[in-house]
Amino acid sequence: MIRFILTTLMTTCMLMCIAQTQPSGLQVNDKAPEFTAKDQNGKVISLEQELKHGKVVLIFYRGQWCPYCNKELKNLEDSLKLITSKGAEVLAVTPEQPPYVEKTIDKTKATYSILTDDNLQIMKKNDVAFSLDSSMVAKYKGYGIDFSLANGNNGANLPVPAVYIIDTNGKISYKYFDADFTKRPAIKEIAGHL
């Protein structure tokens with residue numbers, strides 16, 4: 001019961017916050033913005049370089065503290081061959097700092113690259129970033145989520161959970177974007193668009 005109340009409260013608060021800032025994401029056929037970032041292994045990942053090898057499935061997730069994100073990332077790992085067998089690669093992006101990315105990996109067993117989005121460059125370019133107001137930050141802190149620790153200089157900023165498939169020509173061929181963070185696309189749906 002407490003979990004239901006907490007989930008309901010978090011969902012309501014999150015939807016109110018997103019409604020205030022209204023990111024809408026990029027659109028199908030938009031050119032995906034170039035980015036470079038380090039993954040959990042310290043490897044520098046460039047979208048331009050990755051697209052030379054095949055399509056990219058770009059996932060935005062909120063953090064290791066989010067059970068819906070962890071479920072999505074675990075499902076991706078469990079079904080990764082559905083994506084990689086089509087010559088595509090998964091890149092996940094988070095505002096969290098590397099020690100918290102390690103917690104994500106511990107929880108999800110992810111083997112694909114997870115990128116820390118320093119200064120929110122990737123999230124902002126992809127129009128998925130929004131800021132939590134001070135009352136929301138206080139509510140999350142009450143749940144044990146401290147964005148100043150988890151996100152470092154990225155602060156109390158989160159992405160709307162989103163998925164883009166980026167074709168080798170750099171254009172977005174699939175978009176999933178839903179302000180309701182409890183909803184995520186099925187892996188078979190993503191794979192079906194590759």
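Look up a bit, the structure's there.
First things first, this report covers the structure right here in the doc. (Residues numbered from 1 in each chain as written. Predicted model: local features only at pLDDT ≥ 70, side-chain atom pairs only at ≥ 80, totals over all residues. Heavy atoms only, no water.)

Concerning the side chain of Ser46
Then, number 1: By secondary structure assignment, the location of Ser46 is in strand 2 (residues 44–46).
Then, number 2: A polar side-chain atom of Ser46 sits 3.0 Å from a polar atom in the side chain of Glu34. (Helix = DSSP H or I, 4+ residues; strand = E, 2+ residues; numbered from the N terminus. Polar contact = N/O pair within 3.5 Å; in protein donor to acceptor, adjacent residues only side chain to side chain.)

Here's the deal with the pairing of strand 9 (residues 172–177)
Then, number 1: In terms of strand pairing, strand 8 (residues 162–166) meets strand 9 through 5 bridges, oriented antiparallel. Across the sheet, residue Ile166 finds its bridge partner in strand 9, namely Ile172. (Pairing = 2+ DSSP bridges.)

Observations regarding the sheet that holds strand 5 (residues 113–116)
Then, number 1: Judged by pairing direction, the sheet is mixed, and its 5 strands sit side by side in the order 5-4-3-8-9 without closing on themselves. The open sheet terminates on both sides in strands that have one partner only, identified here as strand 5 and strand 9. On average, each strand axis in the sheet is tilted by 20° relative to the strand beside it, whichever way the strands run.
Then, number 2: Looking at chain direction, strand 3 (residues 56–60) and strand 8 are connected through 5 bridges and run antiparallel. Within the sheet, the bridge partner assigned to Val57 lies in strand 8 and is Ile165. (Axes fitted to C-alpha atoms, helices over the stretch in contact; angles between N-to-C directions.)

Describing helix 3 (residues 67–78)
Then, number 1: With 12 residues, helix 3 extends 16 Å between its outermost C-alpha atoms, agreeing within 8% with the 16 Å of an ideal straight helix rising 1.5 Å per residue.
Then, number 2: Along helix 3, the positions that sit buried rather than exposed are Cys69, Asn70, Glu72, Leu73, Leu76 and Glu77. Down the axis of helix 3, the buried side of the element spans an arc of 165°, and every buried residue falls inside it. The exposed set on the far side of helix 3, more than 90 degrees from its buried face, consists of Lys71 and Asp78.
Then, number 3: Of the surrounding secondary structure, the elements contacted by the buried residues of helix 3 are strand 3, helix 4 (80–84), strand 4 (89–94), helix 5 (98–108), strand 8 and helix 9 (187–192). (Expected span 1.5 Å × (residues − 1). Buried < 20%, exposed > 50% of the residue type's maximum accessible area, 1.4 Å probe, protein only. Arc of directions from axis to C-beta. Contact = heavy atoms within 4.5 Å.)

Digging into the pattern of salt bridges
Then, number 1: For the structure shown, the criterion picks out 4 salt bridges.
Then, number 2: A salt bridge links Asp78 to Lys74, with the nearest nitrogen and oxygen atoms 2.9 Å apart. Of this pair, Asp78 and Lys74 both sit in helix 3, 4 residues apart, which is roughly one turn of the helix.
Then, number 3: Classification of Lys74 by relative accessible area gives partly exposed; the value is 30%. (Salt bridge = Lys/Arg side-chain N within 4 Å of Asp/Glu carboxyl O.)

Some remarks on the pairing of strand 4
Then, number 1: With 5 of its 6 residues buried, strand 4 lies for the most part within the structure.
Then, number 2: Examined bridge by bridge, strand 3 and strand 4 share 5 bridges and lie parallel to one another. The partner of Val57 across the bridge, within strand 4, is Val90.
Then, number 3: Pairing analysis gives 4 bridges linking strand 4 to strand 5, with the strands arranged parallel. Looking at the pairing, Ala92 lines up with Ile114 of strand 5.
Then, number 4: Following the chain from strand 4 across helix 5 to the adjacent parallel strand 5, one finds a crossover that is right-handed. (Right-handed = clockwise from strand over helix to strand, strands pointing away.)

Fair warning: the whole summary comes from geometry, so function is off the table for now.
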